[in-house]
Amino acid sequence: MEQVIEFGNNKEVVFRDHIKQGKSPLVALNGLADLLQSVQAFNDSHAAPSNQKYAFRCLVVTNACRANAEFMLSHIGVAPLFQDLVIGDECSAGKPDPAPYLEAMRRANVKPEECIVFEDSASGIKSAVAAGIKTIVGITTTQSPEALKSIGAAYAAPNFEGMTLQSLDQLNIATNSIRP
């Protein structure tokens, strides 16, 4: 078993090295940095009560190992724009179990109806659905809009271009009013 773990760890080191050396491209999806920066600007300009720093909280929920998740977020330049990172292996179970999203909601102190999830994987969408989240935007990097919607995504998009706080708020209100 130790050999399997060592092999897996070595594979992840090679993955990160390939990206560092430019052998494998890794870039943020269009619009992601803009959306996250607009959230940060809103939070900065709307000082919340002293016990609550963020009006909006952005968390990453992933089944990637912590080293890879931190590396990728840093590499694409968005790490400081997230308030927390929830790793599936650090929860009682990973996606598609609801545990990672339940942990994220606990850390952010929010209810499912206050969440908007962006997911590109079937296991991630199933996890969010099982956690009671209704506003799920399927990101079509690896699957079709129809496939993502068939497993629980309310909406589908190729990337984050054109997404604003106002449009996401309206999306969340609409989804929670029409989805039982």
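An account of the accompanying structure is given in this report. Treat the numbers as computed from the prediction; the structure is a model and nothing was measured. (Residues numbered from 1 in each chain as written. Predicted model: local features only at pLDDT ≥ 70, side-chain atom pairs only at ≥ 80, totals over all residues. Heavy atoms only, no water.)

1. Some remarks on the overall build of the chain
Thought 1: Looking only at helices and strands, one finds 7 helices and 5 strands in the chain.
Thought 2: For the chain, the α and β elements follow one another from N to C terminus as α-α-β-α-β-α-β-α-β-α-β-α.
Thought 3: When the 180 residues of the chain are sorted by exposure, 33% land in the buried category.
Thought 4: Counting contacts in the chain only where the partners sit at least 6 residues apart, residues at least 24 apart contribute 53% of the total. (Helix = DSSP H or I, 4+ residues; strand = E, 2+ residues; numbered from the N terminus. Buried < 20%, exposed > 50% of the residue type's maximum accessible area, 1.4 Å probe, protein only. Contact = heavy atoms within 4.5 Å.)

2. Comments concerning helix H2 (residues 32–45)
Thought 1: A rise of 1.5 Å per residue sets the reference length of H2, with its 14 residues, at 20 Å; its end C-alpha atoms lie 20 Å apart and thus fit the reference within 8%.
Thought 2: Turning to H2, its buried residues are Leu32, Leu35, Leu36, Val39 and Asn43. All buried residues of H2 project into a common sector of 95 degrees when viewed along the axis, lining one side. Opposite the buried face of H2, at more than 90 degrees from it, the exposed residues are Asp34, Asp44 and Ser45. (Expected span 1.5 Å × (residues − 1). Arc of directions from axis to C-beta.)

3. Re the sheet that holds strand S4 (residues 136–139)
Thought 1: With parallel pairing, 3 strands are arranged side by side in an open sheet as S3-S4-S5. Looking at strand neighbours, the two that pair on one side only are strand S3 (117–119) and strand S5 (155–157), the edges of this open sheet. Averaged over all pairs of adjacent strands, the angle between their axes in this sheet comes to 30 degrees, without regard to strand direction.
Thought 2: Looking at chain direction, S3 and S4 are connected through 3 bridges and run parallel. (Pairing = 2+ DSSP bridges. Axes fitted to C-alpha atoms, helices over the stretch in contact; angles between N-to-C directions.)

4. Details of the side chain of Thr175
Thought 1: Within the fold, Thr175 resides in helix H7 (residues 165–178).
Thought 2: Using a relative accessible area of 0% as the deciding quantity, one classes Thr175 as buried.
Thought 3: There is a polar contact of 2.6 Å between the side chain of Thr175 and the side chain of Tyr155.
Thought 4: Apart from the residues within four sequence positions on either side, Thr175 is in contact with Lys134, Thr135, Ala154 and Tyr155. (Polar contact = N/O pair within 3.5 Å; in protein donor to acceptor, adjacent residues only side chain to side chain.)

5. A word on the pairing of S4
As a general feature of sheets, a regular strand has side chains that alternate between the two faces.
Thought 1: Taking every second residue as pointing to the same face, both faces of S4 are buried, with Ile136 and Gly138 on one and Val137 and Ile139 on the other.
Thought 2: You can see the chain leave S3, run along helix H5 (residues 122–130) and come back into S4, and the turn it takes is right-handed.
Thought 3: Strand direction decides the pairing type here: S4 and S5, joined by 3 bridges, are parallel. The residue bridging Ile139 from the neighbouring strand is Ala157, located in S5.
Thought 4: Tracing the backbone out of S4, into helix H6 (residues 145–150) and back to the parallel element S5 gives a crossover that is right-handed. (Right-handed = clockwise from strand over helix to strand, strands pointing away.)

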